[in-house]
Amino acid sequence: MGAPPTTPDPSLTASTPVIPRVVPRQDHGISRANISEHALKVLYRLKQAGYQAYLVGGGVRDLLLGREPKDFDVATDAKPEDVRTVFRNCRLIGRRFRLAHVHFGREIVEVATFRGGNADDDSEGERQIENGMIVRDNLYGTREEDALRRDFTVNALYYNIADFSVIDYAGGIEDLAAGRLRLIGNDPERRLREDPVRMLRAVRFAAKLGFSIDPACEGPLLALGHLLRDVPAARLFEEVLKLFHGGTGLLAFEKLRHYGLFAHLFPATEDCLAREDQSFPITFVSRGLENTDRRVQEDQPVAPFFLFALLLWEPVRQRYEELLAADLAPVEAMATAAAEISASQQSQVTIPKRFSMPMREVWELQPRLEQRRGKSAHRLLTHPRFRAAYDFLLLRAQSGEADPELADWWTRFQEADGQDRARVVEGATKRRRRRGRRRKAGPGEARAEEPADAG
Ligand code: ATP
Ligand code: MG
């Protein structure tokens, strides 16, 4: 395992040039009206400066599908340093993969220099390969080489600003029409080993575009999930956000589990899901992701801390139960469970502190929401994470894990004001007394649902 493939992929090292298919302007549906004015500005300025300039990647793919692109990527024969001399508003980024970012207010147009050379060629130290994985790729080449080094055929189409044609070296137009995600070249396993993140990209595009994954890619996809462990955890954080915040997160989740990839991103969660004897953990994650998808589709903001709170809740909850059984007080048990699961997750997928802190707060508020006494309830309302914690409680209740009556109570408590609020609290106190009496009569009930006082 992890051994580099030894036979070169002939399709990527062919010495005879590939003749591309060129679709002229009148034979494809891309109109400049649908390209951002900033991307057009970049393309035209590069062209005026004497360079080749193309729109590539998701922009071309989505425009050909009649979808609105998320962003626009540009490919050129200009070196990053040359790009910088053309644009004042330009920053060079990335060591692993050097790129120019041209800034226009909040919009960034990413400009990449053609990559190329033989896939095994790291002679100039500009391409670095470790165990078959490309860890650095700054070896420049021709447009053709650049096309063949991309991931999927549908991502390797070039829209030429010089004559508005679309150039296809890898059969991407055909695959686009067939709704098929196919890795470029004859050796899909090799391409996934070169960059295991391509496995996540396969799932993401399949979910987002509703495409099928080429059968030749499915085998290696099912077998190579463990390679994700070699990918820097910070890069995986970005990919996880793209997977789950792209509007089709639920489908992505199901596909990740189908291909055995989820286990390598969230091992603690996968352990719980795999040995579940009740259905609520799956229901909980599914409902949460469904809500997230709805929010994305309605252009409402989505928060990474909430996403990670959702994805890691089941292991946190199970650890919490264990600690309660070991006689820890609820608030302490939750703080401990939250700290443990959050720490163990970091080795897989980094969660930056600005997200892991509020994520833990959402968890830590769960036992506190079980307290419905007037003073602490009022205090919780002003907690900066109250709203998120309440939404979280609703999800738990909807998936059958938390008491729906508790969630209802908080809904009523928030909606009420002044005197009414006092009455809601009063109602809770009475109910608690009645239950308390009942509980004493039923020794079979293992644990009081009311946590010990947390102040
Ligand atoms: P999105 O809609 O998410 O922006 P995209 O296809 O444009 O999708 P980007 O991450 O913006 O994805 O990358 C732009 C292009 O760069 C891709 O379409 C692909 O051609 C190439 N590319 C990106 N990541 C990889 C990779 N890991 N391996 C090979 N090529 C890649
Ligand atoms: Mg893109």
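Residues numbered from 1 in each chain as written. Chains lettered and ligands numbered in written order. Predicted model: local features only at pLDDT ≥ 70, side-chain atom pairs only at ≥ 80, totals over all residues. Heavy atoms only, no water.

### A short note on the nonpolar core
Item 1. Leu55, Phe244, Leu265, Phe308 and Trp363 are the most contacted members of the largest nonpolar core, which has 100 residues in total.
Item 2. Among the elements that take part in this core, helix H15 (residues 304–325) stands out by supplying 13 residues, more than any other.
Item 3. Setting aside chain neighbours within four positions, we find Leu55 in contact with Ile35, Ala39, Leu43, Val60, Leu63, Phe72, Asp73, Val74, Leu157, Tyr158 and Tyr159.
Item 4. In terms of nonpolar packing, the next biggest core, distinct from the first, is built from 18 residues, Ala377, Ala402, Ala407 and Trp409 among them. (Core = buried A, V, L, I, M, F, W, Y, C linked by side-chain atoms within 4.5 Å. Buried < 20%, exposed > 50% of the residue type's maximum accessible area, 1.4 Å probe, protein only. Helix = DSSP H or I, 4+ residues; strand = E, 2+ residues; numbered from the N terminus. Contact = heavy atoms within 4.5 Å.)

### What to know about helix H14 (residues 280–297)
Item 1. Taking 1.5 Å per residue, 18 residues should reach 26 Å; H14 reaches 25 Å between its end C-alpha atoms and fits that length.
Item 2. Listed in full, the buried residues belonging to H14 are Phe280, Pro281, Phe284, Val285, Ser286, Gly288, Leu289, Thr292 and Asp293.
Item 3. Positive backbone phi, at 60°, marks Asp299, one or two positions downstream of H14. (Expected span 1.5 Å × (residues − 1).)

### Notes on the pattern of salt bridges
Should the charged atoms of two oppositely charged side chains come close, the side chains can pair.
Item 1. Using the criterion set out here, one finds 24 salt bridges in the structure.
Item 2. It is possible to trace a salt-bridge network through shared partners that takes in Arg190, Arg191, Glu194 and Arg198. (Salt bridge = Lys/Arg side-chain N within 4 Å of Asp/Glu carboxyl O.)

### What about the packing of aromatic side chains?
Item 1. Taken as a whole and judged by the stated rule, the model has 17 aromatic pairs.
Item 2. Summarising the aromatic geometry, the rings of Phe237 and Phe355 are spaced 5.7 Å apart at their centres and angled 20° between planes, so their arrangement reads as stacked. Of this pair, Phe237 sits in helix H10 (residues 233–244) while Phe355 is found in helix H17 (residues 353–368), placing the two residues 118 residues apart along the sequence. Each of the two residues, Phe237 as well as Phe355, counts as buried.
Item 3. Arranged with centres 4.9 Å apart and planes meeting at 10°, the rings of Trp409 and Phe413 form a pair that is stacked. Taken together, the positions of Trp409 and Phe413, both in helix H20 (residues 404–415) and 4 residues apart, correspond to about one turn of that helix. A single burial state applies to Trp409 and to Phe413, both of which are buried.
Item 4. The ring of Phe164 has Arg32 lying over it, and the distance from NZ or CZ to the ring centre is 3.8 Å.
Item 5. Lying across the ring of Phe97, Arg115 places its NZ or CZ 3.8 Å from the centre. (Phe/Tyr/Trp six-rings, centres within 6.5 Å; stacked < 30°, edge-to-face > 60°. Lys NZ or Arg CZ within 6 Å of the ring centre and 35° of its normal.)

### A look at the sheet that holds strand S3 (residues 73–76)
Item 1. Across the sheet, 8 strands lie side by side as S1-S10-S9-S2-S3-S6-S5-S4; this open sheet has mixed pairing. At either margin of the open sheet sits one strand with a lone partner, and together these are strand S1 (21–23) and strand S4 (90–93). Taken pair by pair, the neighbouring strands of this sheet meet at an average axis angle of 30°, ignoring direction.
Item 2. As judged from the 3 bridges shared by S1 and strand S10 (residues 166–168), these two strands associate in the antiparallel manner. Note that in S10 the partner of Val23 across the bridge is Val166.
Item 3. The strands touched by helix H2 (residues 37–48) within the sheet are strand S2 (53–56), S3, strand S5 (99–104) and strand S6 (107–113), with S6 carrying the most contacts at an inclination of about 35°. (Pairing = 2+ DSSP bridges. Axes fitted to C-alpha atoms, helices over the stretch in contact; angles between N-to-C directions.)

### Things to note about the site of ligand 1
Item 1. What surrounds ligand 1 is a group of 17 residues, the closest being Gly58, Asn155, Asp195, Arg198 and Arg204.
Item 2. Gly58 is positioned with one of its backbone polar atoms (N or O) 2.9 Å from an oxygen atom of ligand 1.
Item 3. One of the backbone N or O atoms of Asn155 is found 2.9 Å from an oxygen atom in ligand 1.
Item 4. Compared with its free state, where it exposes 580 Å², ligand 1 has 85% of that area covered by protein.
Item 5. For the shell around ligand 1, the elements supplying multiple residues, two or more each, are helix H3 (58–64) and helix H8 (197–209).
Item 6. The element that contributes the greatest number of residues to the shell around ligand 1 is H8, accounting for 5 residues.
Item 7. Looking at the shell around ligand 1, its residues break down into 1 nonpolar, 3 polar and 13 charged. (Near = heavy atom within 4 Å. Polar contact = N/O pair within 3.5 Å; in protein donor to acceptor, adjacent residues only side chain to side chain. Areas by Shrake-Rupley, 256 points an atom, 1.4 Å probe, with all protein chains shown as cover. Nonpolar A, V, L, I, M, F, W, Y, C, P; charged D, E, K, R; others polar.)

### Let's talk about unusual backbone geometry
Item 1. Even without a glycine there, the phi angle at Phe164 is positive, about 65°.
Item 2. On the secondary structure map, Phe164 appears in the loop between strand S9 (157–160) and S10.
Item 3. The class for Phe164 is buried, based on a relative accessible area of 13%.
Item 4. Of note in the backbone geometry, Asp327 takes a positive phi value of approximately 75° without being a glycine.
Item 5. Take Asp327: it is sitting in the loop between H15 and helix H16 (330–345).

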